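Letter by letter, the chains look like this.
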Amino acid sequence: MHSDPIADLLTRIRNGVHAKAVSVEVPHSKIKEEIVKILALEGFVDTYEVTTETKFPSLRITMRYDSHRRPLIHKINRVSKPGLRVYRGSSEIRPKRSGLTTQIISTSAGLMTDREARKKNMGGEVLCEVY
C-alpha cells in the first residue's frame, strides 16, 4: 500500500520518460485517471486506457515523444504532499514559466488545470506541476 498514490503515479511517469519507455502501467484509481486525462488533453502523454487483464484494474499510459525521440514531459513534480498540503485561492494562482507550466488543481468542481481554474475564478489544492 502506498501512502501517496499520486506521487507514485508521477514517479512512474517520470521513470518511464527517463527510460524512454513506450508505456507505463500504474494501479487504477479515479483521481489518477483524472490526472492522466488532463495530461493527455494538454498533450504531455499520448493515450491512456484502463486495463482489466489482472485481478485489479490498471492504467496503461502511452508516453509521447517528439520526432527526435525527446520526451514532451521535461519535469513533473508533486506540489501538495500528505505532510504539507498546498492550497491556492483563485487570486493566488499565477502562470509559471510564462504559462508553459501546467498546474493540476483539485477544486470543488473536480480536477482542472490552472488556466481553467483562473477562468472559472476557483481555487483549490495544487496537486502537481508539469512542463
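Up top is the structure.
Every value quoted in this text rests on a predicted model; they were computed, and no experiment measured them.

## Things to note about the side chain of Thr113
Right, on to step 1. For Thr113, the position within the fold is in strand E7 (residues 110-113).
Right, on to step 2. Not counting the four nearest positions on each side in its chain, Thr113 is found in contact with Ile38, Glu42, Thr102 and Gln103.

## Some details on unusual backbone geometry
A negative phi angle characterises most non-glycine residues, just as the trans form characterises most peptide bonds.
Right, on to step 1. Even without a glycine there, the phi angle at Arg69 is positive, about 65°.
Right, on to step 2. Among the residues examined, Arg69 registers a relative accessible area of 39% and is labelled partly exposed.

## What to know about the packing of helix H1 (residues 5-18) against helix H2 (residues 30-41)
Pairs of packed helices are described in terms of their axes, by the angle between the two and the distance that separates them.
Right, on to step 1. Between H1 and H2, the shortest axis-to-axis distance is 10 Å and the interhelical angle comes to 40°. What the angle tells us is that H1 and H2 run oblique. Taken as a pair, H1 and H2 cross one another with a handedness that is right-handed. For the pair formed by H1 and H2, the contact residues are Pro5, Ile6, Asp8, Leu9 and Ile13 on the first element and Ile31, Lys32, Ile35, Val36 and Leu39 on the second.
Right, on to step 2. When its residues are assigned to classes, the contact of H1 with H2 shows eight nonpolar, no polar and two charged.

Thresholds, definitions, all that
Residues numbered from 1 in each chain as written. Predicted model: local features only at pLDDT ≥ 70, side-chain atom pairs only at ≥ 80, totals over all residues. Heavy atoms only, no water. Helix = DSSP H or I, 4+ residues; strand = E, 2+ residues; numbered from the N terminus. Contact = heavy atoms within 4.5 Å. Buried < 20%, exposed > 50% of the residue type's maximum accessible area, 1.4 Å probe, protein only. Axes fitted to C-alpha atoms, helices over the stretch in contact; angles between N-to-C directions. Parallel < 35°, antiparallel > 145°, perpendicular 65-115°, else oblique. Left-handed = near helix turned anticlockwise from the far one by under 90°. Nonpolar A, V, L, I, M, F, W, Y, C, P; charged D, E, K, R; others polar.

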